[in-house]
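Residue-level structural notes
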Amino acid sequence: MSALAPPAAGAPAAVRDRPAPRLRRPKPARSPWLHVAMVPVTLLWLSPIVFVLFVAIRSYDDIAGRGLGAFPASFSLDGFATALTEGGVLRSLGNSVLVTVCAVVASLALSSFAAYALSRFDIPFRRTILLTMLAGNLLPPQILLVPVSSITEAIGIGDTLTALVVVQVGFGIGFYTFVLHGFMRSLPNEVFEAARLDGAGPGGIFWRIVLPLSRPSLAALAALATTWIFNDLIWAMTVLRTEAKFPITAALLNLQGGFASAWNVVAAGALIAAVPTAIVFFLFQKQFVSGLLVGANK
Amino acid sequence: MSAQPSTATRRPNRFARVPLLVWAFLLVPLVVELFWVFWPAANSFSLALTRWDGIGLAEPVGLQNFRDLAADPIFLTALQNNVIWVLGFGGLSVVGGLALAVTLNKPGPMVSIYRSAIYLPMVVSLAVSGLFWRVMYAPDGPINGTLGLLGLEHLERQWLADPTVALWAVLIAAVWRQVGYIMVLYLAGLKGTDGSLEEAAAVDGANAWQRFWRIVMPQLRGVNMVVFAVTVIDSLRTFDIVWAMTRGGPYNETQLLSTYMFQQAFTTGNLGYASAIAVVIFALAIGFIITYLARQARTED
C-alpha cells in the first residue's frame, strides 16, 4: 500500500533530513472548539442526504400538502416501490451493475498487462508510452464524444451496453496502467530472479507473482473504478439511445421528467442509486481513500 | 528499472530482448486506448472544421465554426460561466478542503466521523448529487424553509429558476461533493510535513496563522500543484451536475462549455459546431494537462 499513498513529495529532502529540534511534542490539546465548529459543519454536510431520505419515506399526499422542506409526518415506502417498478430503477440498476463489473474487470486486466510490460521489461520509449497513455485519460471527454458516438454506430455496437463497457475501458486504461506501473516497478527484483531461476516465463511470473503481489493496488483501483464507472453519466448518454438500456444515472434523469411532481419517487430513486457505491465506500474505505490519492499525490 | 537478466551475450536489438508475449501484453491495451481515445480525439479536430449533421457527408467549412463561436452569445455566456466555475468551484473547494484538512489533521474517534461525513458525498454520483440538491433548492424545499424559519423570507427564491443565482446554486452543490476529495489530498500532504519545524516556529513565537503560511504551506507545494491542475481539469469537464440540475437553463444562464457542446451535438445535431466547442475545451485544458503530466513524469524518474 505504501507505493500507493507515498508521503507528499512537497517536503524537500533537505528539510526532512535535518535533525529534529529537541522539543517535546505537545500533547494534542483537547479543545472543545474543534467540536463546536465541526458538529454543525458535519450536520450541514449531511443535511442534503438526510432531507432526501426524509422526502423518500414520506407519502405523496404528505409532500403535496406540507411541502418538500417539512419534517416527515408520514411513513411510506411507496416512493421506493414505484421507483423500482414503474420507474424502471431496478432494471437500470441491473444495467449499471453489469456495465460496472464488466468494465472494471476488463480495465484492470488490460492495464495490469500493460503495466507489467512497461515496468518489468526494457520496452523502447516506455516512459513516453506510459505518459501518453496517462494523457489520454486526462483529455476532456468532450473532445471524444461525437467521434465515439459515430464509431460505435459504424462498427455496429451503437446503443448497446457493450459499447458503454468498451468506451469505459478505453478511456480508463491509461490512468490504471500508470498507477499499476508505479506499483509494479517497486516490487523487489529478488522475487523475479528467484522465479526466473525456477524456470518461470514472463506469463507465469505475471500470473503467479505480479498479480498476487499487486493485490493492494488492484483493490484500491477497483474501488475507485467502481465508483467512477457506476456514477458515469456522460458516456452513457453518448452511446445509448434506448431507455431500457440506460444505467441508473441516466435513468434517474428520465425518472425526474416522468415523475416530476412525485418527489418521493425521485428521491427514493436517487437514494437507491447511491446505495451500491456507498456500500463499496464503507466496505473498502481504506482502499477507496488510498485510491483517491493514487496518481494525485506523488 | 531493469529486472532484465544481464544476458551474457548482449544482443544489440532492444526489441528482441522483450518476449513476444510481453509485446502482446503491451499492445492490446495500447491499441484499445489508441482506438477509443486518440483516434476519436484526432477526429474531433477535423470535424471541428466541418458542418455535419451526422447523416450526410461532413461539409468542410474551414474556420467558420470558430468565427461563429466568437459571435455566439450562448457560447460567450458558457465561456464566461466556465471562468466563474473554475474560480468559484475551484476556489471554494480548495479553501474548504484545505481548511477542513488542517482542522481535522489530528487523531480521534470524533475526527474520523467528521472526515467520513465530509467525504461521503464523493460516493454519490454527480448526477445523483444534482437530484439531491434539486430537493434542497425546491421552492418549498428545505433551504427556503430554513430561511423562512429564520425570518429571512426576503432571501427565499426559486434558486434554480432565477437567472441571477442559478449558476451559483449549482456551483455550491458541486463544491459540496468536491471538498471531501480536496480534503483527502491535503490530509495526505499534511502527513508528509515536518511537525518539528512548526514546533520550533511556535517556540520562536510565531502564531498559528504565521506558522501555517510560512512553515506548512511551503511544504505543501507539491500537493498544491496537483490540486490546482486536477481542479482546473475537473472544472473544464464538469457536465453531469449541471445537466442533472438545470440542463444549462434558465435561458442558458447556467450553460457551461461542456453542456453547450453536448446540447449542440446530441440535441441540436450540429456535430461540426459541437466539435469546435470541444476543441476550445481541449485548448483551455491542455496547459494544465501538461503541467500535471510533467509533474508525474518527474516522479517517474
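Right, let's walk through the structure included here. (Residues numbered from 1 in each chain as written. Chains lettered and ligands numbered in written order. Predicted model: local features only at pLDDT ≥ 70, side-chain atom pairs only at ≥ 80, totals over all residues. Heavy atoms only, no water.)

We now examine the overall build of chain B. Across its full length, chain B carries 13 helices and 2 strands. Oriented by its inertia axes, the alpha-carbon framework of chain B measures out at about 85 × 70 × 30 Å. In chain B, buried positions account for 54% of the 301 residues. Within chain B, contacts between residues at least 6 apart in sequence are counted, and of these 66% link residues at least 24 apart. Taken as a whole, chain B presents about 13,200 Å² of accessible surface, with 66% of it coming from carbon and sulfur. (Helix = DSSP H or I, 4+ residues; strand = E, 2+ residues; numbered from the N terminus. Buried < 20%, exposed > 50% of the residue type's maximum accessible area, 1.4 Å probe, protein only. Contact = heavy atoms within 4.5 Å. Areas by Shrake-Rupley, 256 points an atom, 1.4 Å probe, with all protein chains shown as cover.)

Within chain A, the secondary structure is distributed over 15 helices and 0 strands. Within chain A, the proportion of its 298 residues that are buried is 59%. Taking as baseline every contact in chain A between residues at least 6 positions apart, the subset at least 24 positions apart corresponds to 76%. Here chain A has roughly 12,500 Å² of accessible surface; of this, 67% comes from carbon and sulfur atoms.

This part is about unusual backbone geometry. A positive phi angle is found at phenylalanine 125 of chain A, which is not glycine, with a value near 60°. Taking relative accessible area as the criterion, phenylalanine 125 of chain A reaches 62% and is therefore assigned exposed. For asparagine 252 of chain B, which is not glycine, the phi torsion reads 60° and is therefore positive. Mapped onto the elements of the fold, asparagine 252 of chain B is located in the loop between α11 (240-245) and α12 (257-268). Residue asparagine 252 of chain B is classed as partly exposed on the basis of its relative accessible area of 24%.

As a further point, take empty space enclosed by the protein. The final tally for this structure, using the stated rule, is 2 cavities of 30 Å³ or more. Computed from the structure, the largest cavity encloses a volume of approximately 1,100 Å³. Taken together, 42 residues line the largest cavity, and the ones lying closest to its centre are Trp228 of chain A together with Leu126, Arg177, Asp234 and Arg237 of chain B. For the lining of the largest cavity, the per-class residue count stands at 26 nonpolar, 11 polar and 5 charged. Taken as a whole, the second largest cavity spans an internal volume of roughly 50 Å³. Around the second largest cavity, the lining residues are Ser96, Val99, Thr100, Leu164, Gln168, Ile229, Phe230, Asp232 and Pro247 of chain A. Ranked by the residues each element gives to the lining of the second largest cavity, the list is headed by helix α5 (residues 89-120) of chain A, at 3 residues. Residue classes in the lining of the second largest cavity are distributed as 5 nonpolar, 3 polar and 1 charged. (1 Å grid on protein atoms, 1.4 Å probe; cavity = no way out; pocket = protein on both sides within 12 Å on 5 of 7 lines; lining within 4 Å. Points joined across faces, edges and corners; volume = space filled by probe spheres on them. Nonpolar A, V, L, I, M, F, W, Y, C, P; charged D, E, K, R; others polar.)

Bringing the side chain of asparagine 81 of chain B into the picture now. Among the secondary structure elements, asparagine 81 of chain B is positioned in helix α3 (residues 73-103). Asparagine 81 of chain B has contacts with Leu167, Asn252, Glu253, Thr254, Gln255 and Leu256 of chain B, leaving out every residue within four places of it along the chain.

A common way to state how big an interface is: give the accessible area lost once the parts meet. If you look at the interface, chain B gives 111 residues, while chain A gives 116 residues. Of the roughly 10,000 Å² buried where chain B meets chain A, counting both sides, 75% is carbon and sulfur surface. The interface formed by chain B and chain A includes 0 salt bridges. Connecting chain B to chain A are 11 residue pairs in polar contact (both at pLDDT 80 or more). With 21 residues, helix α1 (residues 20-47) of chain B is the single largest residue contributor to the side of chain B that touches chain A. Class assignment for the residues of the side of chain B that touches chain A results in 78 nonpolar, 18 polar and 15 charged. (Buried area = accessible area lost by both parts, 1.4 Å probe. Salt bridge = Lys/Arg side-chain N within 4 Å of Asp/Glu carboxyl O. Polar contact = N/O pair within 3.5 Å; in protein donor to acceptor, adjacent residues only side chain to side chain.)

Here is a general trend for soluble globular proteins: nonpolar side chains tend to be buried in one another's company. Grouped together as the largest cluster of nonpolar side chains are 205 residues, with contacts concentrated most on Tyr116, Ile123, Leu144 and Trp235 of chain A together with Trp85 and Phe132 of chain B. When residues of this core are assigned to their parent elements, the largest contribution, 18 residues, is made by helix α7 (residues 166-191) of chain B. Not counting residues up to four positions away in its chain, the partners in contact with phenylalanine 132 of chain B are Pro48, Ile49, Val52, Ala270 and Leu271 of chain A together with Val124 and Trp176 of chain B. (Core = buried A, V, L, I, M, F, W, Y, C linked by side-chain atoms within 4.5 Å.)

Before going further, it helps to examine the pattern of salt bridges. Residues and elements named next belong to chain A. Evaluation of the coordinates by the stated rule reveals 7 salt bridges over all chains. A salt bridge links arginine 58 to aspartate 62, with the nearest nitrogen and oxygen atoms 2.9 Å apart. The exposure class assigned to aspartate 62 is buried, which follows from its relative accessible area of 8%. Note that lysine 245 is salt-bridged to aspartate 159, the shortest N-O span being 3.8 Å.

Right, let's get into the side chain of serine 125 of chain B. Mapped onto the elements of the fold, serine 125 of chain B is located in the loop between α4 (109-119) and α5 (126-137). Leave out the neighbours within four places in its chain, and serine 125 of chain B touches Asn231 and Thr249 of chain A together with Arg177 of chain B.

Residues and elements named next belong to chain A. The end-to-end C-alpha distance of helix α11 (residues 215-231) is 24 Å, a good match for the 24 Å that 17 residues give at a rise of 1.5 Å each. Judged by how many residues are buried, α11 sits mostly within the fold: 12 of 17 residues are covered. When we look at burial in α11, the residues that qualify are Ser217, Leu218, Ala220, Leu221, Ala223, Leu224, Ala225, Thr226, Thr227, Ile229, Phe230 and Asn231. (Expected span 1.5 Å × (residues − 1).)

Running from N to C, α5 of chain A and helix α8 (residues 161-185) of chain A point in directions that differ by 40°, and their axes come no closer than 6 Å. Judged by the sense of rotation from one axis to the other, the crossing of α5 of chain A with α8 of chain A is right-handed. (Axes fitted to C-alpha atoms, helices over the stretch in contact; angles between N-to-C directions. Left-handed = near helix turned anticlockwise from the far one by under 90°.)

Here we take up the layout of surface pockets. The space that makes up the second largest pocket amounts to roughly 530 Å³. Leu44 and Ser47 of chain A together with Trp133, Ile143 and Ile172 of chain B are, among the 22 residues lining the second largest pocket, the residues nearest its centre. Going through the elements one at a time, α2 (32-56) of chain A together with α3, α5, α6 (142-149) and α7 of chain B are the ones with two or more residues in the lining of the second largest pocket.

Residues and elements named next belong to chain A. As for its position among the elements, glutamine 168 is in helix α8. Put simply, glutamine 168 and alanine 83 are 85 residues apart on the chain and 27 Å apart in space, counted from C-alpha to C-alpha. Residue contacts for glutamine 168: discarding those within four places in its chain leaves Ala103, Ile229, Asp232 and Trp235.

A contiguous nonpolar surface patch, about 350 Å² in accessible area, is contributed by Val39 and Leu43 of chain A together with Met110 and Ile113 of chain B. Positionally, isoleucine 113 of chain B belongs in helix α4. (Patch = residues over 30% accessible without salt bridge, like charges linked within 9 Å, V, L, I, M, F, W, Y side chains within 5 Å.)

On to the packing of aromatic side chains, then. Scanning all chains against the criterion turns up 28 aromatic pairs over all chains. Through pairs of rings, three or more aromatic residues link up here, namely Phe113, Tyr116, Phe121 and Phe206 of chain A together with Phe25 of chain B. A cation over an aromatic ring shows up here: arginine 120 of chain A above the ring of phenylalanine 192 of chain A, its NZ or CZ 3.8 Å from the ring centre. (Phe/Tyr/Trp six-rings, centres within 6.5 Å; stacked < 30°, edge-to-face > 60°. Lys NZ or Arg CZ within 6 Å of the ring centre and 35° of its normal.)

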